[in-house]
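Here are the chains, one letter per residue:
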Amino acid sequence: MFAFKSLLEMPRAEALAVVIALIGAMGYTIISLEWLPHMSIIAAITVLILYGLARGLKYNDMQKGMVGAVGQGMGAIYLFFFIGLMVSALMMSGAIPTLMYYGFGLISPTYFYFSAFALCSVIGVSIGSSLTTCATVGVAFMGMAAAFHADLAMTAGAIVSGAFFGDKMSPLSDTTGISASIVGIDLFEHIKNMMYTTIPAWLISAALMLWLLPNVAAHDLNSVESFRSQLEATGLVHAYSLIPFALLVVLALLRINAVVAMLFTIIAALAVTYLHSTPDLKQLGAWFYGGYKLEGDTFQDIAKLISRGGLESMFFTQTIVILGMSLGGLLFTLGVIPSLLSAIRAFLTTAGRATFSVAATSVGVNFLIGEQYLSILLSGETFKPVYDKLGLHSRNLSRTLEDAGTVINPLVPWSVCGVFISHALGVPVWQYLPYAFFCYLSLLLTLLFGFTGLTLSKKEGA
């Protein structure tokens, strides 16, 4: 991935020791000390710089490696700016609230688990955040599950499956943007290629929830109607509010550049906003920076759903991308990753083996460190050269990163997502894990396609 040479010829044993020490230290600080991943990465960078100085390297040379890596990932930084703006625009225009309103109207008590899965899928795609989906719509479904006398573990599994389908396939999702940018492909190209594994996984999950899980008798739909009433009372629900979404879909199908497509979607959303409200420029500036805010005590139940977006909401993701790319560049500069790659080069001779190695690394980082961002960043930076050498298109790598990185994190009890979701839904990870069909089906399908070669694409001229 990085266009520069290593400064050290590091022995394999030493490189392996460095990696084990780093993973162990980052895992301890994130899991036991509950540090944010930013602090763990910056601590790792500091230790590696001191290590490089001890080996006789100059700081400026190491800095060039880090800066060069960040430079190659600047596309992601710009992308996230526009994602933050677009989320605010889609909220203030009513596009996302309208989608939620119609979605809640489709809930079927008889097919309750499938309804939870399908609606969380729609909401997840529309807001691009699995954790927000779980903490809002997911919590609502858990309340409905209690009212319907449904199985709480099965309900939680359906919620997690739908939320992470949305997180994986939404152009607003930070993990989706990171996976595309880390390997250097267009966002919509990445999403389109993920459909080969994601759509079958979704359909199989839906079938399992419809036919394997038991039916639920209808008892109370008041909580659903309460959500719909509150959404309608905001004054944001209008059929024409879906126009920006439709435009985004059309531009994506036309393979327009992601940032350009988002820019036109933002303009369309602004135009729709002024059809039902007239915010002044001061208000627009505040919303675009800090996110759209739904005011009023009447809307407490849905405020977390509606109050989202803005440049500020992207800073967490942008900074972790910068730090993650810097760490990867430093590991390449010190010769750590090249040394390890040379050790397994004899093994990585086929697409199936490469896919397995990426998936194993992504799953391993999730279990060892519990952080989905790092599972994507480290695996993407490490295996991009392998895919180039095998003549495989980078879109194959980005798909595997999501299938084995993004959607596996909620299945790890001590991971960031696992801890958050189990607390929010009130169901331990080990209880909902068997019913989170979509998450492990995505992993199984990406391994199957990797070894059979189905849906894998070659680089042009390869």
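Residues numbered from 1 in each chain as written. Predicted model: local features only at pLDDT ≥ 70, side-chain atom pairs only at ≥ 80, totals over all residues. Heavy atoms only, no water.

An unreviewed UniProt entry lists the protein chain under the name Na+/H+ antiporter NhaC, with Kingella denitrificans ATCC 33394 given as the organism. The Subcellular location (unreviewed entry) field of the UniProt record for the protein chain holds the comment "Cell membrane". (UniProt positions renumbered as here; feature names shortened; annotations may be inferred.)

Undergrad: How should the packing of helix H9 (residues 174-183) against helix H10 (residues 187-211) be read in this particular structure?
TA: Axes are the key here: two packed helices are described by the angle between their axes and the distance separating the axes. Running from N to C, H9 and H10 cross one another at 105°; their axes reach a closest spacing of 9 Å. In terms of axis orientation, H9 runs roughly perpendicular to H10. Residue-level inspection shows Thr176, Gly177, Ser179 and Ala180 of H9 in contact with H10, the latter providing Leu187, His190, Ile191 and Met194. Looking at the contact of H9 with H10 residue by residue, the class counts come to 4 nonpolar, 4 polar and no charged. (Axes fitted to C-alpha atoms, helices over the stretch in contact; angles between N-to-C directions. Helix = DSSP H or I, 4+ residues; strand = E, 2+ residues; numbered from the N terminus. Parallel < 35°, antiparallel > 145°, perpendicular 65-115°, else oblique. Contact = heavy atoms within 4.5 Å. Nonpolar A, V, L, I, M, F, W, Y, C, P; charged D, E, K, R; others polar.)

Undergrad: Just to check I follow, could you spell out the confidence of the model for the protein chain for this structure?
TA: Low pLDDT marks stretches whose predicted atomic positions should not be read closely. Residue-level pLDDT values for the protein chain average 84, and 91% of them are 70 or greater. Put simply, helix H15 (residues 303-306) is where the protein chain has its lowest mean pLDDT, 73, and helix H23 (residues 437-452) is where it has its highest, 95. (pLDDT = per-residue confidence, 0-100.)

Undergrad: Which parts of the structure should I look at to understand the packing of aromatic side chains?
TA: Here the distance between the centres and the angle between the planes together describe a pair of aromatic rings. For the structure shown, the criterion picks out 9 aromatic pairs. For the pair Phe114 and Trp202, a centre-to-centre distance of 6.2 Å together with 75° between the ring planes defines the contact as edge-to-face. Taken together, the residues Phe114 in helix H6 (residues 112-127) and Trp202 in helix H10 connect sequence positions 88 residues apart. Take Phe114: its relative accessible area is 23%, and that puts it in the partly exposed class. Between Trp287 and Tyr292, the ring centres sit 4.7 Å apart and the planes meet at 65°, which makes this aromatic pair edge-to-face. Exposure class is identical for Trp287 and Tyr292. Each is buried. Site record: aromatic cluster; members linked through ring pairs are Phe114, Phe117, Phe165, Trp202 and Phe438. (Phe/Tyr/Trp six-rings, centres within 6.5 Å; stacked < 30°, edge-to-face > 60°. Buried < 20%, exposed > 50% of the residue type's maximum accessible area, 1.4 Å probe, protein only.)

Undergrad: Would you take a moment to explain the packing of helix H1 (residues 12-32) against helix H2 (residues 37-54) for this structure?
TA: In contact at an axis separation of 9 Å, H1 and H2 are set at 150° when each is read in the N-to-C sense. Of the possible angle classes, the one that applies to H1 and H2 is roughly antiparallel. Once H1 is placed against H2, the crossing between them reads as right-handed. Of the residues in H2, those in contact with Glu14, Val18, Leu22, Met26, Thr29 and Ile30 of H1 are Pro37, Ser40, Ala44, Leu48 and Tyr51. (Left-handed = near helix turned anticlockwise from the far one by under 90°.)

Undergrad: Would you take a moment to explain the domain arrangement of the protein chain for this structure?
TA: We note that the domain assignment places domain 1 (12-42 + 56-73 + 314-452) and domain 2 (91-280 + 294-304) within the protein chain. Distance between the C-alpha centres of domain 1 and domain 2: 27 Å. Every contact between the two is made by 41 residues of domain 1 and, on the other side, 44 residues of domain 2. Carbon and sulfur atoms make up 76% of the area that domain 1 and domain 2 hide from each other, which totals about 3700 Å². At the boundary of domain 1 and domain 2, one finds 2 salt bridges. Between Glu189 and Arg395 there is a salt bridge; the shortest N-O distance is 2.6 Å. At the surface where domain 1 touches domain 2, the tally comes to 12 residue pairs in polar contact (both at pLDDT 80 or more). Elements that contribute at least two residues to the side of domain 1 that touches domain 2 include exactly helix H16 (315-333), helix H19 (372-389), helix H20 (394-406), helix H21 (416-425), helix H22 (429-432) and H23. In terms of residue count, the dominant contributor to the side of domain 1 that touches domain 2 is H20 (10 residues). (Domains from an automatic or database assignment. Buried area = accessible area lost by both parts, 1.4 Å probe. Salt bridge = Lys/Arg side-chain N within 4 Å of Asp/Glu carboxyl O. Polar contact = N/O pair within 3.5 Å; in protein donor to acceptor, adjacent residues only side chain to side chain.)

Undergrad: Is there a simple way to explain unusual backbone geometry in this structure?
TA: Apart from glycine, the bulk of residues carry a negative phi angle, and the bulk of peptide bonds sit in the trans form. We note that Glu34 has phi near 60°; this positive angle belongs to a residue other than glycine. Residue placement: Glu34 occurs in the loop between H1 and H2. A positive phi angle, near 70°, is found at Thr455, a position not held by glycine. As for its position among the elements, Thr455 is in the segment after H23. On the basis of relative accessibility, which here comes to 27%, the residue Thr455 falls in the partly exposed class.

Undergrad: Before we go on, may I ask you to explain the pattern of salt bridges in this structure?
TA: By the definition in use, this model includes 5 salt bridges. Where Lys384 meets Asp388, a salt bridge forms, and the shortest distance between an N and an O atom there is 3.0 Å. Taken as a pair, Lys384 and Asp388 lie in helix H19 at a separation of 4 residues, close to a single helical turn. On the basis of relative accessibility, which here comes to 28%, the residue Asp388 falls in the partly exposed class. What you see here is one network of salt bridges that share partners, running through Lys384, Asp388 and Lys459.

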